[in-house]
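# Architecture at a glance
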Amino acid sequence: MAIKHNNSSKFERSTINLKQSLVHTLVIIGITSLSACGGSGDDETVKPEEKVYPAYTDIKASGGDTTTFDASESGHGFSTPAPNLNAEELSLHLDGDLSFETAFTTAPNSAHPDLDGLGPVFNNADCNSCHQRDGRNSTPQVPNGQTRVKLGSDAGIFLRISLAADEPCTQGSLANDYCAPIPVPDFGGQLFHRGVLQARDDWQQNPFIGQADVYLSYETKVINYNDGASVTLKKPVFEVENPYDAPGETKSSSNVTSNLLQDNVLMGLRNGMPVFGLGLLEAIPEADIVANVDENDANKDGISGRANYVFDAVKAQAGDDYPVSLGRFGWKANTPSVRVQSLGALRGDIGITNPLFPEESIAGTALHDAYLSRTGFVDTGSGVDGEPEADAAFSDSVVFYVETLAVPARRNIDDPNVREGARLFTQLNCTGCHTPSFVTKAEGSIGGVSMSDSHKRQTIYPFSDMLLHDMGDELADGRPDFLASGNEWRTRPLWGIGLTQTVNPQAGFLHDGRAATIEEAILWHGGEAEKSQQGFMALTADERAQVIDFLMSL
């Protein structure tokens, strides 16, 4: 019994010593903790920096009251009328929807005279072909086993053309045609690769061919991230051959005689753009856009947004002494309004004259003069009544349609990755060009017509400053357009970008469709955007994915 008692005492003493040691340790920990909280010491533990999310992170209604919330996974996600139209406006919008999809035919068409007047040279026969389901067109693909593809009836891409100027134009005036691109003699300012049956003198050998043939191929390069991931980028390369003024000729011919193939001819590929929300962009007060101009980079962030000022056909038709306006639309902000953009495309891309552009785009060229003589002057650009091929009602409906298409709502805004992507988007200073929001004006006109109440006082989130930016040599086409240089492009609005390939799975990004994904589009950014692009490349794979998730939510 005594032995058992002595063992028990040693155990109890050991337990007491252990308890005392633990108490001492806890006291020290407690004192240290108090000190870290500022209780009795001077040293402070650094707390993790609290993440701050930009105000637009939780915004869902990108187009204010014009937002549609029914477009999330729809192939027609860009084709919904703005929900705040009144009954009369909705009726006009639906009329415009039909006009937008109207396919025109060669004149004369006695059975359907309202549909004739196509061409005689053109890029497509209807608006929808360049703006498929009101979004982007399909990117041309080179078939397996071939090195290039010829642009045809399924191409929504075309070439702008002009002559190189002797010196940059910096101030528009009547004497210098307000700095407009210089037309190529006997061709104009746009290359039309399609034509009606007898468009060319050699139509029997080249039926349905326009001013020239355009071939497209791609060259590639690989971009490597520091983490070992890589992305292959493709760049379109075009070749122009067989011009109507020198059939069969190419740039490599021994004696180049065509006006189109001369060394001073500048060419740039152009993709069709989405057409929703355009009325809202035109309703942004000009002063609010110009307020973001930073031509000399006064804030030293490497970004120097510039405004383009362009010829305004609406002002000219109204007799304005100085028919120049702020450019808002087109890849180089080279058109001032939805009306000029839409009716210019109707006359240019399709060859349909209208009240704003009553003369054929190739009027006075050798091709047009020969075509009229050969076909008996039955397709002069005027109807039997002497009026343009598209009347005012048709033209107004097309314009109103694209002015009043709803902006799709954002999606997945509560997803943690989307939220992190929004924070990173600001951290990378992508907002230096992609300005998140504007408020539209309370009254006034757009395109010379009183604006719809649906556009007024709307807080919108287009993510564009509507200005020109030098995007570097890799994206440059070298072709000036009014005040825009060959390296400058207007900041594309990002709203709806996440639905681009839901609407058209074959659509690409950037002005020539070279980017098959949003990531590729980011990687092509250079010039003023190079710092942001490099910042994106320095992110982890997860962070890069979060930026893309945010963009896909727009």
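What comes next is a walk through the structure. Remember, predicted model here, so these are calculated numbers, not experimental data. (Residues numbered from 1 in each chain as written. Predicted model: local features only at pLDDT ≥ 70, side-chain atom pairs only at ≥ 80, totals over all residues. Heavy atoms only, no water.)

### Some remarks on the nonpolar core
Judged by nonpolar contacts, the single largest core of 71 residues is most densely connected at L191, V240, L260 and L346. Take this core: its biggest share by element is five residues, from helix α8 (residues 392–403). Leaving out residues up to four positions away in the same chain, L346 has contacts with F104, G351, I352, N354, A390, F394 and S395. (Core = buried A, V, L, I, M, F, W, Y, C linked by side-chain atoms within 4.5 Å. Buried < 20%, exposed > 50% of the residue type's maximum accessible area, 1.4 Å probe, protein only. Helix = DSSP H or I, 4+ residues; strand = E, 2+ residues; numbered from the N terminus. Contact = heavy atoms within 4.5 Å.)

### Digging into the sheet that holds strand β5 (residues 190–191)
Strand pairing within a sheet occurs via backbone hydrogen bonds; the two strands may be parallel or antiparallel. Across the sheet, three strands lie side by side as β5-β4-β9; this open sheet has antiparallel pairing. One side of each edge strand has no neighbouring strand; the edge strands of this open sheet are β5 and β9 (265–271). As defined by bridge partners, strand β4 (residues 157–163) adjoins β9 across seven bridges and the pair is classed as antiparallel. Within the sheet, the bridge partner assigned to I161 lies in β9 and is M267. (Pairing = 2+ DSSP bridges.)

### Section: α8
Spacing of three or four residues puts side chains on the same side of an α-helix, whose turn is 3.6 residues. When the terminal C-alpha atoms of α8 are compared, their 16 Å separation across twelve residues agrees well with the 16 Å that a helix rising 1.5 Å per residue should span. By the criterion of burial, α8 is predominantly enclosed, with nine of the twelve residues buried. Of all the residues in α8, the buried ones are F394, S395, S397, V398, V399, F400, Y401, V402 and E403. The secondary structure elements touched by the buried residues of α8 are α2 (87–100), α3 (278–282), α6 (338–348) and β14 (445–446). Where α8 begins, one side-chain oxygen reaches toward the backbone nitrogen of A393, 3.3 Å away; that side chain belongs to D391. (Expected span 1.5 Å × (residues − 1). Polar contact = N/O pair within 3.5 Å; in protein donor to acceptor, adjacent residues only side chain to side chain.)

### As for the packing of aromatic side chains
Throughout the structure, instances matching the rule amount to twelve aromatic pairs. Each ring, one from Y56 and one from F550, has its centre 5.7 Å from the other, and the planes form 40°; the classification is tilted. Separated by 494 residues along the polypeptide, Y56 in the loop between α1 (2–36) and β1 (67–68) and F550 in helix α13 (residues 541–553) bring together distant segments of the chain. The burial state of Y56 is the same as that of F550; both residues are buried. Seen in terms of ring centroids, F276 and W495 are 6.4 Å apart; in terms of plane orientation they differ by 50°. Their pairing is tilted. Of this pair, F276 sits in the loop between β9 and α3 while W495 sits in the loop between β18 (488–490) and α10 (500–503), placing them 219 residues apart in sequence. Taken as a pair, F276 and W495 share a single burial class, namely buried. Between R492 and the ring centre of W331, over which it is positioned, the NZ or CZ distance is 5.7 Å. (Phe/Tyr/Trp six-rings, centres within 6.5 Å; stacked < 30°, edge-to-face > 60°. Lys NZ or Arg CZ within 6 Å of the ring centre and 35° of its normal.)

### Details of α6
In terms of burial, α6 is largely enclosed, as eight of its eleven residues are buried. V338, R339, V340, S342, L343, L346, R347 and G348 are the residues of α6 that are buried. Where α6 is buried, its residues touch β5, α3, α5 (313–317), α8 and β15 (449–450).

### Regarding the pattern of salt bridges
Considering all chains together, one arrives at 19 salt bridges under this definition. Notably, a salt bridge pairs D263 with K251, separated by 3.2 Å at the nearest N-O pair. Placement of D263 in the loop between β8 (230–241) and β9 and of K251 in the loop between β8 and β9 is noted, with a sequence separation of twelve residues between them. If you follow the salt bridges from partner to partner, you end up with K51, E420 and R423 in one network. (Salt bridge = Lys/Arg side-chain N within 4 Å of Asp/Glu carboxyl O.)

### A closer look at unusual backbone geometry
With omega at -5°, the peptide bond leading from A107 into P108 counts as cis. In this model, G119 is joined to P120 through a cis peptide bond whose omega is 15°. Positive phi is not limited to glycine here, since F482 has a value of about 55°. Here F482 is to be found in the loop between β17 (468–470) and β18. Residue L510 is not a glycine yet carries a positive backbone phi of 75°. Within the element layout of this structure, L510 appears in the loop between α10 and α11 (518–523).

### Quick word on the pairing of strand β7 (residues 213–224)
Where strand β3 (residues 149–150) and β7 come together, two bridges link them in antiparallel fashion. Looking across to β7, one finds that V149 is bridged to L216. The sheet contact formed by β7 and β8 spans twelve bridges and is antiparallel. Pairing of S217 across the sheet is with V237, part of β8.

### Quick notes on a negative patch on the surface
There is a patch of like negative charges on the surface, built from D114, D385, E387 and D391. If you trace the backbone, D391 turns up in the loop between α7 (366–375) and α8. (Patch = residues over 30% accessible without salt bridge, like charges linked within 9 Å, V, L, I, M, F, W, Y side chains within 5 Å. Areas by Shrake-Rupley, 256 points an atom, 1.4 Å probe, with all protein chains shown as cover. Lys, Arg positive; Asp, Glu negative; His and termini not counted. Charge placed at Lys NZ, Arg CZ, Asp CG, Glu CD.)

### Observations concerning the state of the cysteines
All chains considered together, the criterion is met by one disulfide. Unpaired in terms of disulfides, C430 finds its nearest cysteine sulfur in C433, a separation of 8.9 Å. Overall, the relative accessible area of 18% leaves C430 in the buried class. (Disulfide = S-S within 2.5 Å.)

### Focus on the packing of helix α9 (residues 416–427) against α13
At a closest axis distance of 7 Å, the pairing of α9 and α13 adopts a crossing angle of 100°. It follows from the interaxial angle that α9 and α13 lie roughly perpendicular. Each of N417, V418, E420, G421, A422, L424 and F425 in α9 lies in contact with α13, whose residues at this interface are E543, Q546, V547, D549, F550, L551 and S553. (Axes fitted to C-alpha atoms, helices over the stretch in contact; angles between N-to-C directions. Parallel < 35°, antiparallel > 145°, perpendicular 65-115°, else oblique.)

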